[in-house]
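Descriptive analysis of the structure
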Amino acid sequence: MKSLSGKRAVVAGIAGAHAGAIVRALRNAGAVVAAFDRSQEALRSLSDASDTVLSLVCDMTEAGIAQALAGLEERGHVVDILVTCPPPLVEDRKAAEAAGLRDVLASTVEVAFLWTVAAAALMRQRRSGAIVHVTGLGGLGGWPGWEAAGVAFAGLHNMVQSFAVDLARDTVRVNALVPGVTEAQAWQIATASGKSIDAVRARIPMGTFMPEDALGNALVYLVHPSSSYVTGDALTVDGGWNIWGRLHAVAT
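Here's what I pulled together on the structure shown here. (Residues numbered from 1 in each chain as written. Predicted model: local features only at pLDDT ≥ 70, side-chain atom pairs only at ≥ 80, totals over all residues. Heavy atoms only, no water.)

Focus on the overall build of the protein chain
- Within the protein chain one finds eight helices and seven strands.
- Burial analysis of the protein chain (252 residues in total) assigns 48% to the buried set.
- A separation threshold of at least 6 residues defines the contact pool for the protein chain, and within that pool the share at least 24 residues apart is 73%.
- In the form shown here, the protein chain has an accessible surface area of approximately 11,700 Å², with 54% of it arising from carbon and sulfur atoms. (Helix = DSSP H or I, 4+ residues; strand = E, 2+ residues; numbered from the N terminus. Buried < 20%, exposed > 50% of the residue type's maximum accessible area, 1.4 Å probe, protein only. Contact = heavy atoms within 4.5 Å. Areas by Shrake-Rupley, 256 points an atom, 1.4 Å probe, with all protein chains shown as cover.)

As for the side chain of H157
- Locating H157 in the fold gives a position in helix α5 (residues 147-167).
- Given a relative accessible area of 10%, H157 falls into the buried group.
- A polar contact is formed between the side chain of H157 and the side chain of T135, at a distance of 2.8 Å. (Polar contact = N/O pair within 3.5 Å; in protein donor to acceptor, adjacent residues only side chain to side chain.)

Section: unusual backbone geometry
- Positioned with a positive phi, R127 is a non-glycine residue whose angle comes to about 55°.
- Secondary-structure assignment places R127 in the loop between α4 (98-126) and β5 (129-134).

Side note on helix α3 (residues 62-74)
- Here α3 spans 18 Å end to end across 13 residues, near enough to the 18 Å set by a 1.5 Å rise per residue.
- Every buried residue belonging to α3 is among G64, I65, A68, L69 and L72, and all of these are buried. Buried residues of α3, viewed axially, fall in a sector of 130°; they line one side. Facing away from the buried surface of α3 by more than 90 degrees, the exposed residues are E62, A63, Q67 and E74. (Expected span 1.5 Å × (residues − 1). Arc of directions from axis to C-beta.)

A short note on the packing of helix α1 (residues 19-28) against helix α8 (residues 212-223)
- As a packed pair, α1 and α8 sit with axes 9 Å apart at the nearest point and diverge in direction by 55°. When the axes of α1 and α8 are compared, the pair comes out oblique. Where α1 crosses over α8, the handedness of that crossing is right-handed. Every residue of α8 that contacts α1 at A21, I22, R24, A25 and L26 is listed here: E212, L215, G216, L219, V220 and V223.
- Residue classes in the contact of α1 with α8 are distributed as eight nonpolar, one polar and two charged. (Axes fitted to C-alpha atoms, helices over the stretch in contact; angles between N-to-C directions. Parallel < 35°, antiparallel > 145°, perpendicular 65-115°, else oblique. Left-handed = near helix turned anticlockwise from the far one by under 90°. Nonpolar A, V, L, I, M, F, W, Y, C, P; charged D, E, K, R; others polar.)

Read these as spatial facts, not as claims about activity.
Shown next, in the form of structure tokens:
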């Protein structure tokens, strides 16, 4: 697979659990990365940030995103690739309440929608671009306790399909990337289910938690010309978790 040398990427939502892996994968493939988040602290958390990563604060509103992209264009950072990462979401019954649901939808679906609209307008002019929204397994089936996250991720999957159809003739591709269970997330599942961490691992057909490079490699594929005929898809990198029953409970 050829590298992404010469490509310019935007990663929005650096506070998300997988954002660091996304940035590293893009950089390792040769892309120049501009990272955005509401929080300067989150941007500083990129432990491997260097001159190849432009870290900028953005308030994630329609006006803020438009200003951010206009600033990049002025710097000569033409947006070839957009990746959005959801903020940290944890299992929380309160998130299933109305206020919690609104917060989750605003920080995931609304933000991803705004970035897509703004980036697509620029990509359409050049008739080229790749957009990827990182989501979660909760959007593929029932995860008790993760109701708000499940609604948000399922909504993102539908949004991806709609934008993919709308932008296809302009050669702008839109896909979703669904991470599997990491070791950190496995501890949350184990605690919630009363099972051991080994039981969670046993629930994964491939027998291992999702490695960072597996997610990064999948992301690079989705934004690379090798996937030029792939759009509207939700690429799941979960070692077989989802196809072995859409269950929150671990194997018994």
